[in-house]
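# Analysis of the macromolecular model
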Amino acid sequence: MSDNTDKKAIPGRVDELAAEIRGAKILIVDDMALMRRMIGHCLEKGGFTNLYYAEDGQHALDLIDEDIPDLVVLDLNMPRVSGYDVCRMLRKQEATANLPILVQSASETPEERVQVFDSGATDFVSKPINQPELLARVCMHLENKFLIKNLSDFQASMRAELAMAREMQHSLLPEADNLAAIEAEAGLTFEAFYRASFELGGDLWGCWQMSDDEIGIYVLDISGHGVGAALNTFRVHATMARFEGLRHDPAAFLSSLNTAVQPAFPLGQFVTMFYGVLNYKTGKLTYSGAGAPWPLVISKDGEVSRLDSSGTPVGIIFSASYDNKTAQLKPGDSLFCYSDVLLEAPGKDGQFLGEDGLLDQVSRLADEGARTEMVDRILKEFYATLPGALPDDLTAVAIHWGAEA
Amino acid sequence: MEYRINEADGNELNVVFTGDITFSENVAFRQLLKDLGERSVKKCVFDLTAVDMVDSAGLGMFLIAKEQADTSGWNLSVTGAQGHVASMLKLTKLSDLLQS
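Just so it is clear, the structure is predicted and the values come from calculations on it, not from any experiment.

### A closer look at the domain arrangement of chain A
The domains assigned to chain A are domain 1 (15-161) and domain 2 (172-401). For domain 1 of chain A versus domain 2 of chain A, the distance between C-alpha centres works out to 60 Å.

Here it is in structure tokens:
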């Protein structure tokens, strides 16, 4: 690039971009050989080398059909097909709908200008050719084209990356097959929803079958959201796998998880979490909390009570300790865990819903239809009251134990 | 979220917050910490009486403030939390951490 020293910078243009756009392919269309040569010479002096020529409108359309240029410098009055018609035809085709077309013409009445732009031209240069003007306009339209292309390429690749990351993250969630197997074995029904507020989320939940008639269930929420929080879900998920041996003891499980991730967790980031072990033969629930929103137990006849899930969130204090608590479920009871975004929904008085509001909502909706569709009703109401986009990641999981669907 | 810094006494500051303290206040909160870092403080109290809501990112900001207080040798505490803010602090046991 820079070895060709006679290519001087074009006044008023960014050098880095100039280097990129000089490789652009430009089609020059004019029925007069002298004009083609003049325009070509002018562009060559500006450093453009990838030029090709057409002698009339039809010739131009044929060439463009074979190979689409980056920009066209187009004469208006030509035999066979006029410049106006070339513009119109190019705009009709998707591949050339946005191709920069620079129209050049001798007569320059306001009416003609209107006609030129109406037919789809991008811009206008006067004839006889004013060399610096032609060069400036060619550069400007090529710059626009390349900038837009770079930007949309970048966006497309970011979108693809995020879509892939999103798929990877969704693979951390329980698989439908596994859940179905647990449902069949343990005589319960899951109702689970997960939605990230951004492409990637900081929420996660999971469930595993253990020996001795027990299942373990966790719901966690990593502070913040977006890419940073999402990366931390992978960290936490991988770390949890190391403590398989402690799964039957929720407090020990949380303590070990905390000790393992705390040194690596950035200041100000942490995990609120609930982990419970349910004996599906006896209904005994042993659980431990790390500051997750209170899980709710909804009894068979619709009474709602809360479980104490308070505790130091995982990742803050190395020496944090956790306690086991127990609750007794009865057949037909439901356990409902959720992320705090549900509490942030607007309530009746313009304030947000809050713990009490959610409790009322759940007890109102629990048996308005089938119990096994309770979460569905809660979320329908949540989305209906949400004024805009989802402000944070949403997870809502219910276990309906011994419920007849 | 908005905040006002009141000088209570030579080395003691009172920061009065109003509005919600959420993820989107990250920049404003960091500016506050920078302001605090530039003063010679011995003791600082975050007054949350007029705060309606705090989310997990907001709690994270308190932790960052606490860390800055510990390393720069000043004392940070929060006061006045009520409703949702109080229950969030209690739920996460940060109320214990942010006392003293």
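### Describing the interface of chain B and chain A
If you look at the interface, chain B gives 17 residues, while chain A gives 20 residues. Elements with a contribution of two residues or more to the side of chain B that touches chain A: helix 2 (56-72) and helix 3 (83-91) of chain B. Counting residues per element, the side of chain B that touches chain A draws most heavily on helix 2 of chain B, which supplies 8 residues. For the side of chain B that touches chain A, the per-class residue count stands at 8 nonpolar, 5 polar and 4 charged.

### Some remarks on the environment of Arg 30 of chain B
All names here are of chain B. Within the secondary structure, Arg 30 sits in helix 1 (residues 26-38). With 13 C-beta atoms counted inside 10 Å, the residue Arg 30 sits in the partly exposed group. In this structure the C-alpha to C-alpha distance between Arg 30 and Leu 48, which are 18 residues apart in sequence, comes to 17 Å.

### So, the pairing of strand 1 (residues 26-29) of chain A
Residue and element names in this part refer to chain A. Taking every second residue as pointing to the same face, both faces of strand 1 are buried, with Ile 26 and Ile 28 on one and Leu 27 and Val 29 on the other. Pairing between strand 1 and strand 3 (residues 71-75): 4 bridges, direction parallel. Counted as the bridge partner of Leu 27 is Val 72 from strand 3. Where strand 1 and strand 2 (residues 51-54) come together, 4 bridges link them in parallel fashion. Its bridge partner being in strand 2, Ile 28 is matched across the sheet by Tyr 53. With helix 2 (residues 33-45) bridging strand 1 and its parallel neighbour strand 2, the resulting β-α-β unit is right-handed.

Conventions we followed
- Residues numbered from 1 in each chain as written.
- Chains lettered and ligands numbered in written order.
- Predicted model: local features only at pLDDT ≥ 70, side-chain atom pairs only at ≥ 80, totals over all residues.
- Domains from an automatic or database assignment.
- Contact = placed C-beta atoms within 7 Å.
- Helix = DSSP H or I, 4+ residues; strand = E, 2+ residues; numbered from the N terminus.
- Nonpolar A, V, L, I, M, F, W, Y, C, P; charged D, E, K, R; others polar.
- Buried ≥ 20, exposed ≤ 12 C-beta atoms within 10 Å, placed from the backbone.
- Pairing = 2+ DSSP bridges.
- Right-handed = clockwise from strand over helix to strand, strands pointing away.

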